[in-house]
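Geometric and topological summary
Below are the chains, spelled out letter by letter.
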Amino acid sequence: MHTCCFILPPHLLRHISKNGSPSQRKSAIDTLATDHTIRLTRATYQLLEASAHQALMSASEIHEQRTIFDGGHGEALPGKVVANETSTTTDDQCVREAFVGLGATFDFYYKVFNRNSIDDEGLHLDGTVHYGNNYDNAFWNGQQMVFGDGDGELFNRFTCSLDVIGHELTHGVTGDEANLIYLGQPGALNESISDVFGSMVKQYKLGQTADQADWLIGAELLASGVTGVALRSMVEPGSAYDDPRLGKDPQPADMKDYVHTNEDNGGVHINSGIPNRAFCLTALALGGHSWDKAGRIWYETIRDKGLKKTSSFRQFAHRTVINAGHLYGSGSVEAKAVADAWNQVGIRV
Amino acid sequence: MRISWKESGGLAAFPGLSRPRTVDTDDLGPDARREIEDLLAAAHFFELTAAYNGAPTGTRDARTYTITVEDGGHSHTVRRPDPLEDAGLAAVVRWLRARR
């Protein structure tokens, strides 16, 4: 590995020093440390020391740092600390679910993509439960998760859905990487990426293959008496609910049904059905665990510097095909499956 | 007094929950009428800024509330996203949401 590292350019060495196995990281850092340019300046060396400290952390030292707060049914954030890594004893079901859900999401990103938390630098994961009074929502405020209890008539407590927890935390990942603007098509891609990775968090936890997954978002959230199965269906967008109080699921499954609207930031939670289905079709075509190939292709795409924050569906689709080519070969079964999936939802790549 | 309000956004786009709604206080019982009038007064509703330039940076899936109050020839509209930092306005929203 050491010899190999020596012929690699510095940017690859830095990548390995952050993302390689423990032995690879040490070799990369040793190599960087002997590099001529690094010996030139004390300042650079000090920077390297700082990053080396993190990079040399063994796998056992990298783990999640979770804190759950109780909002006390008010709107002020974050609220009172009720659980963290050293104090997890609680009778509160919402606290337990939030704590476990944050951990499951951390596990997924770390074990599958070697990503150390939302920012890949060990960001602490915070969540507030019991936000508001019968509050029917969960959101990411740019720094932490916020969960409502639901009103019990339309929605159950928002901590009970693991894919929703994965969805919200993935907004943090997207903000740290592609940072797609939250409007129109890039906004719908932002939403879709959260659904894609949120669903994979659940599938990973359950050990499901793509054909075993339900591909539903928030299947646990709709209260009994609501006519519906979830907030969204990735495999069949537009079919999740049709209820007198909630209305009918407005998600399109194909570009020909794209919804032009000023509501919902230009339909970010509506048109996300199209890229959601493209991912689902890719994962089902490739078989096995969705995170092994389809998930890897999507993950590399959101980290792709060629992906602009204003990307359209077509531009994003194009980058997924390119990344599938980088990972598996441009004429590979995987690259073809990705292109076929986009074509099936009406996006030519 | 006529109160119109609408909420949009959130974790999912539910057409049934984003419909505009209206409450005319003349149609309310005396207790409910006094309750919402007191909440609006406590929130200093007519003094709140109307301007809203989008959700805070990085906020995703938050709801946005648009409230218009017409009273005695005056009309004022306020638009705010979650989390509602103004406790008085949060109390008004709680009252309106309870009547959804």
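Not measured: the values here are computed from a predicted model.

1. Looking at the overall build of chain A
In terms of regular secondary structure, chain A is built from 13 helices and 9 strands. Looking at chain A as a whole, 54% of its 349 residues are labelled buried. Contacts in chain A between residues far apart in sequence, at least 24 positions, make up 57% of those at least 6 positions apart.

2. A look at the sheet that holds strand β2 (residues 80-84) of chain A
All names here are of chain A. Taken in spatial order, the 5 strands line up as β2-β1-β3-β5-β4 in an open sheet, and their pairing is mixed. In this open sheet, the two edge strands, each paired with only one partner strand, are β2 and β4 (138-140). Between one strand and the next, the sheet's axes are offset by a mean angle of 20°, whatever the strand orientation. Sheet analysis places strand β3 (residues 125-131) next to strand β5 (residues 145-148), joined by 3 bridges and oriented parallel. By the bridge assignment, Y131 is partnered in β5 with G148. Of the strands in this sheet, β3, β4 and β5 touch helix α7 (residues 162-176), which is tilted by about 20° from β4.

3. Focus: the nonpolar core
Counting 78 residues, the largest nonpolar core has F108, F155, F197, L246, F279, W298 and W342 of chain A as its most contacted members. When residues in this core are grouped by element, the largest group, 12 residues, is from helix α6 (residues 93-113) of chain A. Lining this core are residues from two domains, each supplying at least three of them: domain 1 (5-177) and domain 2 (184-344) of chain A. When near neighbours in sequence (up to four residues on either side) are disregarded, F197 of chain A contacts F108, Y109, F113, T170, G295, W298, Y299 and I302 of chain A. Listed in part, the 26 residues of the second largest apolar core include L28, A43, F45 and V93 of chain B.

4. Structural notes on the packing of aromatic side chains
Residues and elements named next belong to chain A. As enumerated under the stated definition, the model contains 23 aromatic pairs over all chains in all. Each ring, one from Y109 and one from F113, has its centre 6.4 Å from the other, and the planes form 50°; the classification is tilted. Residue Y109 and its partner F113 are located together in helix α6, separated by 4 residues, close to a single helical turn. For Y109, a relative accessible area of 4% puts it in the buried group. Relative to F197, the ring of Y109 has its centre 6.0 Å away and its plane inclined at 15°; by these criteria the two rings are stacked. Of the two residues, Y109 is situated in helix α6 and F197 in helix α8 (residues 184-206); the sequence distance between them amounts to 88 residues. No difference in accessibility class separates Y109 from F197, as the two residues are buried.

5. Some points on the domain arrangement of chain A
The accessible area lost on association of the parts is a frequent measure of interface size. Residue and element names in this part refer to chain A. Segmenting chain A into domains produces domain 1 (5-177) and domain 2 (184-344). Interface of domain 1 and domain 2: buried area, both sides summed, is about 2,700 Å²; carbon and sulfur atoms make up 65% of it. Counting every contact that joins domain 1 to domain 2 gives 1 salt bridge. In this structure, the salt-bridge partner of K202 is D163, at a minimum N-O distance of 3.3 Å. Applying the counting criterion to the domain 1 and domain 2 interface returns 15 residue pairs in polar contact (both at pLDDT 80 or more). Of all the elements in the fold, those that place two or more residues in the side of domain 1 that touches domain 2 are α2 (10-19), α6 and α7. With 9 residues, the single largest contributor to the side of domain 1 that touches domain 2 is α7.

6. With respect to the environment of G71 of chain A
Residue and element names in this part refer to chain A. Inspection of the secondary structure assignment puts G71 in the loop between β1 (66-70) and β2. According to the relative accessible area criterion, G71 is buried, its value standing at 14%. Residues G71 and L222, 151 residues apart in the sequence, show an inter-C-alpha distance of 22 Å. Apart from residues lying up to four places away in sequence, G71 is in contact with T128, V129 and H130.

7. So, the pattern of salt bridges
Residue and element names in this part refer to chain A. Considering all chains together, one arrives at 24 salt bridges over all chains under this definition. Of the charged contacts in the structure, one is a salt bridge between D195 and R232, with a shortest N-O distance of 2.7 Å. Separated by 37 residues along the polypeptide, D195 in helix α8 and R232 in strand β7 (residues 232-233) bring together distant segments of the chain. The two residues D195 and R232 agree in class, both being buried. Among the ionic contacts, a cluster of salt bridges with common partners joins E64, R66 and E85.

8. Things to note about the interface of chain B and chain A
Counting residues at the interface gives 27 residues for chain B, matched by 39 residues for chain A. Both faces combined, the contact of chain B with chain A buries some 2,400 Å², and carbon together with sulfur accounts for 53% of it. Ranking the residues of chain B by area buried against chain A places L11, F14 and R60 of chain B at the top, with a combined share of 31%. Remark: the boundary between chain B and chain A carries 2 salt bridges. Across the pair E75 of chain A and R94 of chain B runs a salt bridge, and its minimum N-O distance is 2.9 Å. Viewed at the interface, chain A and chain B are joined by 16 residue pairs in polar contact (both at pLDDT 80 or more). For the side of chain B that touches chain A, the secondary structure elements donating two or more residues are β1 (2-9), β3 (63-71) and α2 (87-98) of chain B.

9. A word on the confidence of the model for chain B
In this model, chain B carries an average pLDDT of 91, and 94% of its residues clear a pLDDT of 70 or more. Of the two predicted TM-score estimates for the complex, the pTM is 0.85 and the ipTM is 0.86.

10. Here's the deal with the pairing of β1 of chain B
All names here are of chain B. Pairing of β1 with strand β2 (residues 21-24) involves 4 bridges; the strand directions are antiparallel. From the neighbouring strand, R2 faces β2, where its bridge partner is D24. Bridge analysis of β1 against β3 gives 8 bridges, and the strand direction is antiparallel. Residue pairing in the sheet places W5 in a bridge with I67 of β3.

Cut-offs and rules
- Residues numbered from 1 in each chain as written.
- Chains lettered and ligands numbered in written order.
- Predicted model: local features only at pLDDT ≥ 70, side-chain atom pairs only at ≥ 80, totals over all residues.
- Heavy atoms only, no water.
- Helix = DSSP H or I, 4+ residues; strand = E, 2+ residues; numbered from the N terminus.
- Buried < 20%, exposed > 50% of the residue type's maximum accessible area, 1.4 Å probe, protein only.
- Contact = heavy atoms within 4.5 Å.
- Pairing = 2+ DSSP bridges.
- Axes fitted to C-alpha atoms, helices over the stretch in contact; angles between N-to-C directions.
- Core = buried A, V, L, I, M, F, W, Y, C linked by side-chain atoms within 4.5 Å.
- Domains from an automatic or database assignment.
- Phe/Tyr/Trp six-rings, centres within 6.5 Å; stacked < 30°, edge-to-face > 60°.
- Buried area = accessible area lost by both parts, 1.4 Å probe.
- Salt bridge = Lys/Arg side-chain N within 4 Å of Asp/Glu carboxyl O.
- Polar contact = N/O pair within 3.5 Å; in protein donor to acceptor, adjacent residues only side chain to side chain.
- pLDDT = per-residue confidence, 0-100.

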